[in-house]
There are 2 protein chains.
Amino acid sequence: MRELLAELTRALCDVRSPVGEEAALAEQLAYRPGAERIGNSVVLGRATGAKPAVALFGHLDTVPIQEGDFPAYRAGGRVHGRGASDMKGALAVMIALWERLDRERLPVELVCVFYDREEGPYEQSGLGPLLGARPDLRRAALALCLEPTDLSLQVGCCGSLHATLTFRGRSAHSARPWQGKNAVHEAGALLQHLNGLPPREVSFGELTYREVMSVTRIDGFTGRNVVPASCELNLNFRFAPGRSVEDAEAEVRALAERFGAECKVTDRAPAGPVVLDNPLVRKLRALSGVAVEPKQAWTDVARLGLFGIPAANFGPGEQAQAHQKGESCSEEALERGYLLLQRFLTEAA
Amino acid sequence: MRELLAELTRALCDVRSPVGEEAALAEQLAYRPGAERIGNSVVLGRATGAKPAVALFGHLDTVPIQEGDFPAYRAGGRVHGRGASDMKGALAVMIALWERLDRERLPVELVCVFYDREEGPYEQSGLGPLLGARPDLRRAALALCLEPTDLSLQVGCCGSLHATLTFRGRSAHSARPWQGKNAVHEAGALLQHLNGLPPREVSFGELTYREVMSVTRIDGFTGRNVVPASCELNLNFRFAPGRSVEDAEAEVRALAERFGAECKVTDRAPAGPVVLDNPLVRKLRALSGVAVEPKQAWTDVARLGLFGIPAANFGPGEQAQAHQKGESCSEEALERGYLLLQRFLTEAA
């Protein structure tokens with residue numbers, strides 16, 4: 001099994017699919033019986049409602065190609081190639097499960113979803129249109145995103161809100177700054193407040209998420225000898241599951257008002273629900289014994305949550321390998337992931 | 001006299017001389033007997049040491065041409081044209097004084113210096129090379145820069161130091177900022193300190209200068225979802241006469257160290273000495289009765305001061321007109337400036 005998964009992973013890595021260029025890979029998947037191609041996404045199977053549906057999700061794209069990414073190769077028990085960990089090894093596991101399990105006899109309906117443009121901006125991801133085009137997927141009793149998690153089960157995820165905060169000043173010659181108002185200086189109190197702000201911990205059972213705020217960009221310039229008339233910054237608020245996007249937005253707006261900045265929210269991604277109580281998640285934990293972790297960064301489980309689909313991340317790739325030069329994955333982990341999912345799908349109900 | 005000065009000013013305004021393009025204007029001046037052309041600068045006369053020398057300084061260039069600058073015209077007692085106030089009206093006064101006074105009989109030696117590239121960067125100004133090429137000018141008992149001062153006598157000037165301050169952080173995913181160090185947040189304490197810092201007043205007799213510090217640029221960005229690894233800002237320190245450039249630099253370095261920033265000084269312009277006790281300045285004040293003011297912004301009197309030449313600003317142009325669209329100057333002020341300087345040069349000793 002390990003050999004098969006490793007070879008399949010290597011072959012998948014050799015099909016270039018940087019974000020936006022997933023057509024060739026989608027074509028290879030779409031010829032299978034029962035496949036539906038939607039743009040450059042492909043869905044194998046359907047959630048008919050006859051049995052509880054388990055949907056496995058994987059994205060076809062990788063981050064942009066770097067020098068040395070091709071050809072993919074195997075060495076020292078690892079597959080080396082662009083996307084090996086994020087997440088072509090996982091695609092190999094999905095394909096093998098689809099082809100080798102006796103799906104009719106499973107206690108669940110298996111659906112495999114391969115989607116495009118995950119590594120690009122939120123709004124351009126292929127997952128949104130796909131979920132719109134395939135309402136049957138909303139019936140899924142559990143969705144597993146096979147993103148790299150080192151075979152831990154990662155549940156929930158923090159939401160992410162971006163806002164542009166603008167401090168307004170009044171320009172003046174920098175020899176006579178009292179005739180103006182320095183917008184960059186005005187930003188100081190907010191920055192100092194954020195500098196001293198500890199993460200706010202929010203716990204769900206054994207899992208703890210941390211709400212944090214960071215300025216990730218600041219810009220202020222009018223002229224070298226001119227008191228700046230405005231200072232703009234990007235504030236990123238990561239908020240824990242359980243808090244709505246509206247509530248997160250209200251908190252950022254209140255903060256901006258308190259420190260005298262204008263506020264324009266530019267991006268709102270909801271938090272992903274913590275699905276610890278989902279019966280299939282309990283089953284997966286019981287059968288696999290894998291570690292369970294909170295997911296701090298935003299992932300597509302939140303997008304699935306928006307469609308009412310309980311979702312968690314669980315994949316054989318390594319988080320530390322994702323997006324790295326010389327990316328690789330462990331062949332043993334591929335096999336272990338396959339076997340854990342095989343057992344889960346076979347004994348889930 | 002007013003008619004002559006106004007017509008001459010109008011004619012000078014009609015010769016385009018944006019910074020760096022002063023050749024045509026320099027040529028018109030250089031044909032006079034006793035003229036020396038140095039690059040696009042022209043000096044009329046020489047400080048021989050036979051009598052105390054009074055040097056009048058004017059720059060030939062204007063800020064870049066704007067739509068509607070040409071042709072220059074007269075209307076409502078004013079000359080309209082690019083550079084009318086800054087400072088072709090003053091050039092007309094200098095030329096008229098040079099041509100109409102009986103220089104042999106004056107109690108002082110009159111030298112008129114017309115230089116280029118004043119409106120550009122400090123290092124590119126024509127005044128530096130000119131002062132190097134004409135060591136006789138260092139003998140001047142007084143230099144008057146005929147920059148627009150509304151016919152006030154402006155003495156001294158603040159120095160100006162620019163430094164790049166860099167806060168270093170450590171990048172991390174903005175979902176896990178505690179794994180890094182936010183360089184933009186680190187800048188907050190300094191910005192807040194500057195925001196609350198009142199100008200520091202430094203007085204010389206009746207004149208008060210204000211030492212001020214302003215951030216005029218800030219930049220920090222690594223990625224939208226990344227804790228910024230560095231934050232860079234430009235700090236401009238305007239320091240009063242009496243403080244050396246070295247002392248100003250030490251103060252900025254100490255401030256940077258106190259707030260944890262690296263510091264690179266990028267520009268040092270010295271303060272201009274307060275020449276209230278200069279005998280010719282006293283004489284000018286006594287004869288003219290004009291108001292005396294401190295000069296807060298940096299001007300070339302500081303550069304002259306570096307060469308040991310006592311200098312002050314005194315000109316017929318209007319400060320509010322300088323660099324403005326539709327720039328103009330008062331014909332009455334041209335005449336008044338001419339008469340005040342004529343009297344000063346005639347009765348100075």
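Residues numbered from 1 in each chain as written. Chains lettered and ligands numbered in written order. Predicted model: local features only at pLDDT ≥ 70, side-chain atom pairs only at ≥ 80, totals over all residues. Heavy atoms only, no water.

**Focus on the interface of chain A and chain B**
We apply this condition: The criterion used for residue contact is that any of the two residues' heavy atoms lie within 4.5 Å. Here the quantity called buried area is the total loss of accessible area, with a 1.4 Å probe, experienced by two parts when brought into contact, counted for both. Salt bridges are identified by distance alone: a Lys or Arg side-chain nitrogen within 4 Å of an Asp or Glu carboxyl oxygen. By the criterion applied in these results, polar contacts are pairs of N or O atoms within 3.5 Å in which, for protein atoms, one can donate a hydrogen and the other can accept it, and in which residues neighboring in sequence qualify only through two side-chain atoms. Working definition: helices are DSSP H or I runs of at least four residues, strands are E runs of at least two. Numbering for both runs from the N terminus. Put simply, Ala, Val, Leu, Ile, Met, Phe, Trp, Tyr, Cys and Pro go in the nonpolar bin, Asp, Glu, Lys and Arg in the charged bin, and everything else, Gly too, in the polar bin. Two strands qualify as a pair provided that DSSP identifies no fewer than 2 bridges between them.
Taken residue by residue, the interface counts 45 residues in chain A and 45 residues in chain B. With both sides pooled, the region where chain A packs onto chain B buries about 3,400 Å², and carbon together with sulfur makes up 54% of that total. Put simply, Arg224(B) and Asp267(A) hold a salt bridge, and the shortest N to O gap is 2.8 Å. Linking chain A to chain B there are 20 residue pairs in polar contact (both at pLDDT 80 or more). Listing elements by their share of the side of chain A that touches chain B, those giving two or more residues are strand 9 (159-168), helix 5 (183-186), helix 6 (188-195), strand 11 (207-221), strand 12 (230-239) and strand 13 (262-269) of chain A. If one sorts the elements of the side of chain A that touches chain B by residue count, strand 11 of chain A sits on top with 11 residues. Counted by class, the side of chain A that touches chain B contains 18 nonpolar, 19 polar and 8 charged residues. In the sheet, strand 11 of chain A pairs with strand 11 (residues 207-221) of chain B via 5 bridges, with the strands oriented antiparallel.

**Some words on the environment of Ala311(A)**
All names here are of chain A. Locating Ala 311 in the fold gives a position in strand 15 (residues 311-313). The spatial distance from the C-alpha of Ala 311 to the C-alpha of Gly 272 is 8.2 Å, given a sequence separation of 39 residues. If sequence neighbours within four positions are ignored, Ala 311 has contacts with Leu 142, Ala 143, Val 275, Val 301 and Leu 304.

**Some words on the sheet that holds strand 5 (residues 78-80) of chain A**
Residue and element names in this part refer to chain A. Defined as follows: To obtain each axis, a line is fitted to C-alpha atoms, and for helices this fit is confined to the stretch in contact; angles are then taken between N-to-C directions over 0 to 180 degrees.
Strand order in the open sheet formed by 3 strands is 4-5-16, with antiparallel pairing between adjacent strands. Strands with a single pairing partner mark the edges of an open sheet, and in this sheet they are strand 4 (73-75) and strand 16 (328-330). Taking the axes of each pair of neighbouring strands and ignoring which way they run, one obtains an average angle of 25° across the sheet. As paired strands, strand 4 and strand 5 are joined by 3 bridges and run antiparallel to one another. Bridged to Tyr 73 within strand 5 is His 80.

**A look at the sheet that holds strand 14 (residues 292-294) of chain B**
Residue and element names in this part refer to chain B. Taken in spatial order, the 8 strands make up an open sheet running 1-2-6-3-7-15-8-14, and their pairing is mixed. Both edges of this open sheet fall to strand 1 (35-38) and strand 14, since each of them pairs with a single strand only. The mean inter-strand angle of the sheet, taken between neighbouring strand axes irrespective of direction, is 25°. In the sheet, strand 1 pairs with strand 2 (residues 41-44) via 4 bridges, with the strands oriented antiparallel. In the sheet register, Ala 35 faces strand 2, and the bridge partner there is Leu 44. Relative to strand 3 (residues 53-59), helix 3 (residues 84-100) is tilted by about 145°, and along the sheet it contacts strand 2, strand 3 and strand 6 (109-115). Relative to the sheet, helix 10 (residues 331-347) contacts strand 3, strand 6 and strand 7 (142-145), its axis offset from that of strand 7 by approximately 175°.

**A word on the side chain of Asp69(B)**
All names here are of chain B. Spelled out, the test is: Only protein chains enter the accessibility calculation, which uses a 1.4 Å probe; a residue is then buried when its area is under 20% of its type maximum, exposed when over 50%, and partly exposed in between.
Looking at where Asp 69 falls in the secondary structure, it is placed in the loop between strand 3 and strand 4 (73-75). What makes Asp 69 buried here is its relative accessible area of 5%. Only 2.7 Å separates the side chain of Asp 69 from the backbone nitrogen of Gln 66, close enough to count as a polar contact. In this structure the side chain of Asp 69 is engaged in a polar contact, spanning 2.9 Å, whose partner is the side chain of Arg 82. In this view, Asp 69 contacts Pro 64, Gly 81 and Arg 82; residues no more than four positions away in its chain are not counted.

**Considering the packing of helix 1 (residues 2-13) of chain A against helix 3 (residues 84-100) of chain A**
Relative orientation and spacing of two packed helices are given, respectively, by the angle between their axes and the distance between those axes. Residues and elements named next belong to chain A. To keep it simple, the criterion reads: Roughly parallel refers to an angle under 35 degrees, roughly antiparallel to one over 145, roughly perpendicular to one between 65 and 115, and oblique to any angle outside these ranges. Throughout, a crossing is termed right-handed when the near helix is turned clockwise from the far one, and left-handed when it is turned anticlockwise from it by less than a right angle.
Look at helix 1 against helix 3: their axes get within 9 Å of each other, and the N-to-C directions meet at 125°. As summarised for this structure, helix 1 and helix 3 are arranged oblique, according to the angle between their axes. Note on packing geometry: the crossing formed by helix 1 with helix 3 is right-handed. Here Leu 4, Leu 5, Leu 8, Thr 9, Leu 12 and Cys 13 of helix 1 come into contact with helix 3, specifically with Ala 84, Lys 88, Gly 89, Leu 91, Ala 92, Val 93, Ile 95, Ala 96 and Arg 100. The residue makeup of the contact of helix 1 with helix 3, split by class, is 11 nonpolar, 2 polar and 2 charged.

**Observations concerning the domain arrangement of chain A**
Residues and elements named next belong to chain A. For clarity, the threshold we go by: What counts as a domain boundary in this text is fixed by an automatic or database domain assignment.
Under the domain assignment used here, chain A contains domain 1 (2-156 + 272-347) and domain 2 (159-269). Counting residues at the interface gives 15 residues for domain 1, matched by 13 residues for domain 2. Of the roughly 1,000 Å² buried at the junction of domain 1 and domain 2 (both faces included), carbon and sulfur atoms supply 58%. Viewed at the interface, domain 2 and domain 1 are joined by 1 salt bridge. A salt bridge links Glu 206 to Arg 285; the nearest nitrogen and oxygen atoms lie 2.9 Å apart. The interface formed by domain 1 and domain 2 holds 3 residue pairs in polar contact (both at pLDDT 80 or more) in total. For the side of domain 1 that touches domain 2, the element with the most residues is strand 14 (residues 292-294), which contributes 3 residues. Grouping the amino acids of the side of domain 1 that touches domain 2 by side-chain chemistry returns 8 nonpolar, 3 polar and 4 charged.

**Here's the deal with the pairing of strand 9 (residues 159-168) of chain B**
One face of the sheet, then the other: side chains in a regular strand alternate in exactly this way. Residue and element names in this part refer to chain B. Of all 10 residues making up strand 9, 9 are buried, and the element is well covered by its neighbours. When strand 9 meets strand 12 (residues 230-239), the two strands line up antiparallel, connected through 10 bridges. If you follow Gly 159 over to strand 12, its bridge partner there is Phe 239. Examined bridge by bridge, strand 9 and strand 13 (residues 262-269) share 7 bridges and lie antiparallel to one another. Counterpart to His 162 in the pairing with strand 13 is Asp 267.

**Here we look at the nonpolar core**
For clarity, the cut-off: The set of buried Ala, Val, Leu, Ile, Met, Phe, Trp, Tyr and Cys residues whose side-chain atoms join them within 4.5 Å is what this entry labels a nonpolar core.
Formed by 62 residues in total, the largest nonpolar core has its most connected members in Phe114(B), Leu144(B), Leu153(B), Val155(B) and Phe344(B). No fewer than three residues from each of domain 1 (2-156 + 272-347) and domain 2 (159-269) of chain B sit in this core. Ignoring anything within four residues of it in the chain, the contact list for Leu153(B) reads Leu144(B), Val281(B), Leu284(B), Arg285(B), Val290(B), Ala291(B), Val292(B), Glu293(B), Ala312(B), Asn313(B) and Phe314(B). By size, the runner-up hydrophobic cluster in this structure holds 61 residues, among which are Leu5(A), Leu106(A), Val281(A) and Phe314(A).

**A word on the packing of aromatic side chains**
For the record, the criterion: Note on aromatic contacts: the rings of Phe and Tyr and the six-membered ring of Trp form a pair at centre separations within 6.5 Å, being stacked when their planes are under 30 degrees apart, edge-to-face when over 60 apart, and tilted otherwise. Criterion for a charge above a ring: Lys NZ or Arg CZ within 6 Å of the ring centre, and within 35 degrees of the ring normal.
Within this structure, the stated rule accounts for 6 aromatic pairs over all chains. When the centroid spacing of 5.9 Å and the interplanar angle of 80° are considered together, the rings of Phe204(A) and Tyr209(A) count as edge-to-face. Relative accessible area serves as the criterion here: at 0%, Tyr209(A) is assigned to the buried category. Looking at Arg16(A), its charged tip hangs above the ring of Phe70(A), at a distance of 4.1 Å from the centre. A cation sits over an aromatic face here: Arg210(A) above Trp178(B), 4.3 Å from the ring centre.

**Digging into the side chain of Glu249(A)**
As for its position among the elements, Glu249(A) is in helix 7 (residues 245-258). Not counting residues up to four positions away in its chain, the partners in contact with Glu249(A) are Leu161(A), Val265(A) and Arg268(A).

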